[in-house]
Amino acid sequence: MDEHARLFEADGTATLIVRLRQNVIKTGLRKLNISYSRISLADICAKLKLEDVEDAESIVAKAIHDDVIDATIERRSDGSKSIYSKQNPDVYSTNEPQNALHKRITVCMDIHNSAVKSMRFPPDAHKAERQKKKPKQDDDDDIEDAEATVEELLKEEEDE
């Protein structure tokens, strides 16, 4: 970072690079927290390539405060500090997956029921339209008109 600081400032990406570094450190810290139930800050410094233990302690403390990781920092009798990860409960041994699935199924069923309800027709709706139609004699006239129109089209086609 220090080697290329001028280049990053000239490009206007210096703050982006700093934020990217912080996000990479947080992600690495999250993975270490999942992998180890207890790890010393010195080991964290080595794995994340941090400069000193105090930096690591402040980063870990901020990550704990921001709920990035679920752990505690404890001092050992020799003066070193370690992170103790809190046990992550097995989600599948709880009712949480069942409740989530039930919630999804309920949403799907509600969508289905509303779609079926919107497609329903009132009973005997077609009878009102039939009564509005012309009597049968007028229907016969319409058929005759249609036949005449077809005959006219055929004659025009033959003329061409």
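Attention in this report is confined to the structure presented alongside it. Bear in mind that the values here come from a model prediction, so they are computed numbers and not experimental data.

The rules behind each value
- Residues numbered from 1 in each chain as written.
- Predicted model: local features only at pLDDT ≥ 70, side-chain atom pairs only at ≥ 80, totals over all residues.
- Heavy atoms only, no water.
- Pairing = 2+ DSSP bridges.
- Helix = DSSP H or I, 4+ residues; strand = E, 2+ residues; numbered from the N terminus.
- Axes fitted to C-alpha atoms, helices over the stretch in contact; angles between N-to-C directions.
- Parallel < 35°, antiparallel > 145°, perpendicular 65-115°, else oblique.
- Contact = heavy atoms within 4.5 Å.
- Nonpolar A, V, L, I, M, F, W, Y, C, P; charged D, E, K, R; others polar.
- Buried < 20%, exposed > 50% of the residue type's maximum accessible area, 1.4 Å probe, protein only.
- Arc of directions from axis to C-beta.
- Core = buried A, V, L, I, M, F, W, Y, C linked by side-chain atoms within 4.5 Å.
- Patch = residues over 30% accessible without salt bridge, like charges linked within 9 Å, V, L, I, M, F, W, Y side chains within 5 Å.
- Areas by Shrake-Rupley, 256 points an atom, 1.4 Å probe, with all protein chains shown as cover.
- Salt bridge = Lys/Arg side-chain N within 4 Å of Asp/Glu carboxyl O.

### A closer look at the sheet that holds strand E1 (residues 38-40)
Pairing in this open sheet of three strands is antiparallel, and the strands run E1-E3-E2 from one edge to the other. Looking along the sheet, the strands with just one partner apiece sit at the ends: E1 and strand E2 (71-75). Strand-to-strand twist of the sheet, defined as the mean angle between neighbouring strand axes without regard to direction, takes the value 25°. Of the strand pairs in this sheet, E1 and strand E3 (residues 81-85) are connected by three bridges, and their pairing is antiparallel. Note that in E3 the partner of Arg38 across the bridge is Tyr84.

### Examining the packing of helix H3 (residues 41-48) against helix H4 (residues 53-65)
Axis separation between H3 and H4 bottoms out at 9 Å; the angle between their running directions is 95°. By the angle class used here, H3 and H4 are roughly perpendicular. In this structure, H3 uses Leu41, Ala42, Ile44 and Cys45 to contact H4, whose residues at the interface are Val53, Ala56, Glu57 and Val60. Here the residues of the contact of H3 with H4 are counted per class, giving seven nonpolar, no polar and one charged.

### Notes on H3
Among all positions of H3, only Leu41, Ile44, Cys45 and Leu48 are buried. The buried residues of H3 occupy an angular sector of 100° when the element is viewed end-on, so they sit on one face. Two residues or fewer after H3 comes Lys49, characterised by a positive phi angle close to 60°.

### A few points about the side chain of Ser40
Along the chain, Ser40 falls in strand E1. Excluding its chain neighbours within four sequence positions, the residues that come into contact with Ser40 are Arg76, Lys81 and Ser82.

### Some thoughts on unusual backbone geometry
Here Lys49, not a glycine, exhibits a phi torsion of approximately 60°, which is positive. Note that Lys49 resides in the loop between H3 and H4. Owing to a relative accessible area of 69%, Lys49 belongs among the exposed residues under this scheme. A positive phi angle, close to 60°, is found at Asp67, a residue other than glycine. Within the secondary structure, Asp67 sits in the loop between H4 and E2.

### Examining the nonpolar core
With 16 residues, the main nonpolar core has Leu29, Ile44, Leu48, Leu50, Val60, Ile69 and Ile83 as its most contacted residues. Breaking this core down by element, the ones donating at least two residues are helix H2 (14-35), H3 and H4. If one sorts the elements of this core by residue count, H3 sits on top with four residues. Ignoring anything within four residues of it in the chain, the contact list for Ile69 reads Leu29, Arg30, Asn33, Val60, Ala63 and Ile64.

### Description of the pairing of E3
On a regular strand, one side chain projects to one face of the sheet and the next to the other, so that they alternate. Along E3, four of the five residues are buried, which leaves the element largely enclosed by surrounding structure. Bridge count between E2 and E3: five bridges; the pairing is antiparallel. The residue bridging Ile73 from the neighbouring strand is Ile83, located in E3. Hairpin connection between E2 and E3: a loop of five residues separates the two successive antiparallel strands, and Gly79 in this loop has a positive phi of roughly 95°.

### Digging into the environment of Ala14
Positionally, Ala14 belongs in helix H2. Remark: the alpha-carbon pair of Ala14 and His4, spanning ten residues in sequence, is separated by 9.5 Å.

### As for a nonpolar patch on the surface
A grouping of Leu101, Ile105 and Met109 is seen on the molecular surface, where their side chains present a nonpolar patch of about 290 Å² in accessible area. On the secondary structure map, Leu101 appears in helix H5 (residues 96-119).

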